[in-house]
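# A structural walkthrough
Given next are the chains, with one letter for each unit.
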Amino acid sequence: MRRGTRAAMVVVALWGLAALAAPGLEAEANRIALERILAPPSWHVPMGRDDLGRPLLARVLVGARLSLGVTLVVVALAAAVGTLIGVLAGWYGGLVDLFVVRVIDVFLAFPGILLAIALAGILGPGIDNLVIALSVVGWVGFARLARAQTLSLRTRDHVQVAQALGTPLPRLLRLHVLPLLSGPLIVEATFALAAVIVAEAGLSFLGLGVQPPTPSWGALIRDGTRYLLIAPHLVLMPGLALLSLVVAINLLGDRLRDHLGGRP
Amino acid sequence: MAAGFTERRPATLPGPSATVRAVYAALPLFTARLASAAVVVAGVTFLVFLLLHLVPGDPVEVMLGEYATAGDRAALRQALGLDRPLATQWFAFVEGLARGDLGTSLASGRPVAALVAERLRMTTVLALAGLGVAIAIGLPLGVLAALARGRAWDGVTSALAVLGMSIPNFVLGPLLMLVFAVLLGWFPIGGADGARALVLPALTLGTSLAAIIARMSRAAMIDVLGEPYVLAARARGLDERRVVLVHALRNAALPIVTTLGLQLGALLGGAVITETVFGWPGLGLLVVDSIHRRDYPVVQACVLVIALAYVLVNTLTDLLCAWLDPRIGGAR
């Protein structure tokens, strides 16, 4: 295993642990210390303090839980719905396929983040609406991939044999088509994780995601930009946290793609 | 895709000149591409139209707030056509679009079309500058990495590319602002006052695309450098620089141009966030401001205009590629 890959796995695992440990830190993350506002990073407070004197490290760790939680739900939803639609379109072909392809084309005509911004903005703030907005944008990639793969898998010998033997469709798709799809889908899902983390943070940065006082990475960065001149650590720390996780996931995605194949 | 292609006459038959044949070959692609673009445009307008109906509860109440009088509400409902059946509303929406009428801004009372037109120019400037930055940084990095394949420089470039792809605009923007506007004072911290104000937003916007171009051009150049005609050019003793820049890069250009067209959507999406970071008065900033003001007709119009611009550019890219490389027609 290459050294970069191992480091990336460690980074992702650490953020995962942080997300799991976060509930114990919530009180600490909201502990206001007005006499120490905007304190820069130090040995005792590794990421410094924010504009209300709250320790930034605890807030970033609690934010990790929210970012990772939302991201996992969105990618799981998008992958499930997108794969189902894509496999069915590829399997049935004809008018169903034509319709699905057109719908996919329409969704692809919008820059993803723009559609998510408009949806989240119009649906209103809140985690539910955030998940809806990001999933509505996210299913398309999975659907397109699953459709293209199913289209070619449909004519494989083992699939045709299973069909000739009268295997019921759900069983046939589950046992004979999905396993062969899983490689590219896992690669797609890995890149989707990175993209959704950034998109979620972007929406929160614009004030369209999770509302205060819940700390999310995007909201921390947005609040920090107001103090960019006097306390740049407020932007730097959550920014580096976000960057470390996204870089690690993208690296893992690259390696997975080398092994499993998938998008070019 | 286009059925017409399979019946193309064999190239060996005596007949029209190469140019005429290329035009014939491109025609079915041209019509097929325009037809599918038309379907997409229809779908895009429908989806944007539906956005207003996603407002939870009564959109009129959300837009006017709780202190509006019943008369105000009825007036706005009528102005937006919300009292009519959905199909009629959709028809009226498309009819308005065809006349260039995008409705009236609730916040300023001005025609949305005028507001959007003003901002569209600024977003176009920013997007083109971002594209320029991306090509100017990404292409040389990618080509040099391909030439240094497997050596240290290649590794450095690929690490930079992952970093550039991963860093979000709202992290890179404030960082650049901190270093080049606050600490060094080279550029203004925001706004759109003069060409210097464009530098940091363009860098912020172009970085991720530069990383993608670097990867794409590296892969495309490696493919092309292994081709026999490159070997032949070298065997003829041509200058290596000429081999790389003329023989190889020209043939590697096609996948790079395709990527550029496809990535333009991400660039336009990134512009929304970049404009917000730097206070650049384009469509993106208008979308975000309008969402916060609940000025939904303006939100609809901005989303529509950006999506249509993206469809237009993608269609043009496809046609450009088919024109650059007639082989594409046969492959579809």
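Position numbers for residues count from 1 along each chain, tracking the sequence in the order it is written. Labels are handed out in written order, letters beginning with A for the chains and numbers beginning with 1 for the ligands. A pLDDT threshold of at least 70 governs which residues receive local features in this predicted model, and a stricter bar of 80 or more applies before side-chain atom pairs are shown or counted, although totals over entire chains, interfaces and linings include all residues.

## Looking at the overall build of chain A
Numbering of helices and strands runs from the N terminus, with a helix taken as a DSSP run of H or I at least four residues long and a strand as a DSSP run of E at least two residues long. Helix and strand counts for chain A stand at 10 helices and zero strands. What you see in chain A, going N to C, is helices and strands ordered as α-α-α-α-α-α-α-α-α-α. Seen along its three principal axes, the alpha-carbon backbone of chain A occupies a region of about 75 × 45 × 30 Å. Here chain A holds 264 residues, and 52% of them are scored as buried. The contact rule is simple: place each C-beta atom from the backbone, and if two of them lie within 7 Å, those residues are in contact. Considering only contacts in chain A between residues 6 or more positions apart, those separated by 24 or more positions represent 70%. Put simply, a residue is buried when 20 or more other C-beta atoms lie within 10 Å of its own C-beta and exposed when 12 or fewer do; between those, it is partly exposed, and each C-beta is set from the backbone.

## Some remarks on the overall build of chain B
The helix and strand inventory of chain B stands at 13 helices and zero strands. Going residue by residue from the N terminus, the α and β elements of chain B occur as α-α-α-α-α-α-α-α-α-α-α-α-α. Taking all 332 residues of chain B together, the buried fraction comes to 38%. Partitioning the contacts of chain B with sequence separation of at least 6, the portion at a separation of at least 24 is 72%.

## So, the interface of chain A and chain B
On the side of chain B, 39 residues touch chain A, which itself brings 35 residues to the contact. Counting only elements with at least two residues in the side of chain A that touches chain B, the list comes to helix 4 (94–108), helix 5 (112–123), helix 8 (169–205), helix 9 (217–225) and helix 10 (233–260) of chain A. Under this grouping Gly is polar, as are all residues other than the nonpolar Ala, Val, Leu, Ile, Met, Phe, Trp, Tyr, Cys and Pro and the charged Asp, Glu, Lys and Arg. A breakdown of the residues in the side of chain A that touches chain B according to their chemical character gives 26 nonpolar, seven polar and two charged.

## Here we look at unusual backbone geometry
Residue and element names in this part refer to chain B. Positive phi outside glycine occurs at Arg294, with the angle close to 55°. Among the secondary structure elements, Arg294 is positioned in the loop between helix 11 (283–292) and helix 12 (296–324). Residue classification places Arg294 among the partly exposed residues on the basis of 19 C-beta atoms within 10 Å.

## Looking at the packing of helix 5 (residues 112–147) of chain B against helix 12 of chain B
All names here are of chain B. Two elements in contact, helix 5 and helix 12, have axes separated by 10 Å at closest approach and are oriented at 45°. With respect to helix 12, the axis of helix 5 lies oblique. Helix 5 and helix 12 meet at a crossing whose hand is right-handed. Packed against helix 5, whose contacting residues are Val112, Leu115, Val116 and Leu120, the element helix 12 presents Pro297, Val298, Ala301, Cys302 and Val305 at the interface. Residues of the contact of helix 5 with helix 12, tallied by class, amount to nine nonpolar, no polar and no charged. In this analysis an axis means a line fitted to C-alpha atoms, helices contributing only their contacting stretch, and an angle means the value between N-to-C directions, from 0 to 180 degrees. Orientation is classified from the angle alone, with under 35 degrees giving roughly parallel, over 145 giving roughly antiparallel, 65 to 115 giving roughly perpendicular, and any other angle giving oblique. Take the far helix as the reference: if the near one is turned anticlockwise from it by less than a right angle, the crossing is left-handed, and if turned clockwise, right-handed.

## A short note on the nonpolar core
We define a nonpolar core as a collection of buried residues of the types Ala, Val, Leu, Ile, Met, Phe, Trp, Tyr and Cys that are connected via C-beta atoms lying within 7 Å of each other. Of all hydrophobic cores here, the largest spans 173 residues; its most connected members are Leu114(A), Ala116(A), Ile117(A), Val287(B), Cys302(B), Val303(B) and Ile306(B). Beyond its immediate sequence surroundings of up to four residues, Cys302(B) is in contact with Val116(B), Leu283(B), Leu286(B) and Val287(B).

## What about the packing of helix 6 (residues 127–153) of chain A against helix 8 of chain A?
All names here are of chain A. Two elements in contact, helix 6 and helix 8, have axes separated by 10 Å at closest approach and are oriented at 155°. Considering the angle they form, helix 6 stands roughly antiparallel to helix 8. Crossing hand, helix 6 versus helix 8: right-handed. Where helix 6 abuts helix 8, its residues Leu130, Leu134, Gly138, Gly141, Phe142, Leu145, Ala146, Gln149, Thr150 and Leu153 lie against Val177, Leu180, Leu181, Pro184, Leu185, Glu188, Ala192, Val196, Ala199, Glu200 and Leu203. Considered class by class, the residues forming the contact of helix 6 with helix 8 number 15 nonpolar, four polar and two charged.

## Observations regarding the confidence of the model for chain B
Residues and elements named next belong to chain B. Taken as a whole, chain B shows an average pLDDT of 82; of its residues, 89% reach a score of 70 or greater. Known as pLDDT, the predictor's confidence for each residue is given on a scale from 0 to 100. In the model, residues 1–15 has pLDDT below 50 throughout and makes 13 contacts with residues more than four positions away in sequence or in other chains. The ipTM value of the predicted complex is 0.86, and its pTM value is 0.85.

## Remarks on the environment of Gly253(A)
All names here are of chain A. By the secondary structure assignment, Gly253 is in helix 10. Sequence-wise, Gly253 and Ala148 are 105 residues apart; in three dimensions their C-alpha atoms are separated by 20 Å. The residues touching Gly253, leaving out its near neighbours within four places in the chain, are Val187, Thr190, Phe191 and Ala194.

## Considering helix 10 (residues 240–278) of chain B
Residue and element names in this part refer to chain B. Under the 1.5 Å per step criterion, the end-to-end length of helix 10 is only 43 Å for 39 residues, more than 12% shorter than the ideal 57 Å. Along its length, helix 10 reaches its greatest deviation from straightness, about 50°, at Leu249. Count one or two residues on from helix 10 and you reach Gly279, which has phi positive near 60°. Given a helix with a known number of residues, its expected span is that number minus one, times 1.5 Å. Here the bend at a residue is taken as the angle between two axes, fitted respectively to the seven residues that end there and the seven that start there.

## A few points about the environment of Leu228(A)
For Leu228(A), the position within the fold is in the loop between helix 9 and helix 10. Spatially, the C-alpha atoms of Leu228(A) and Ser182(A) are 44 Å apart, while their sequence positions differ by 46 residues. With sequence-adjacent residues up to four places away left out, Leu228(A) is seen in contact with Val235(A), Pro174(B), Met177(B), Leu178(B) and Val182(B).

## Overview of the environment of Ile85(A)
Residue and element names in this part refer to chain A. Position of Ile85 relative to the elements: it lies in helix 3 (residues 56–92). In this structure, the C-alpha to C-alpha distance between Ile85 and Val96, residues 11 residues apart in sequence, is 10.0 Å. Not counting residues within four places of it along the chain, the set of residues in contact with Ile85 comprises Val100 and Ala143.

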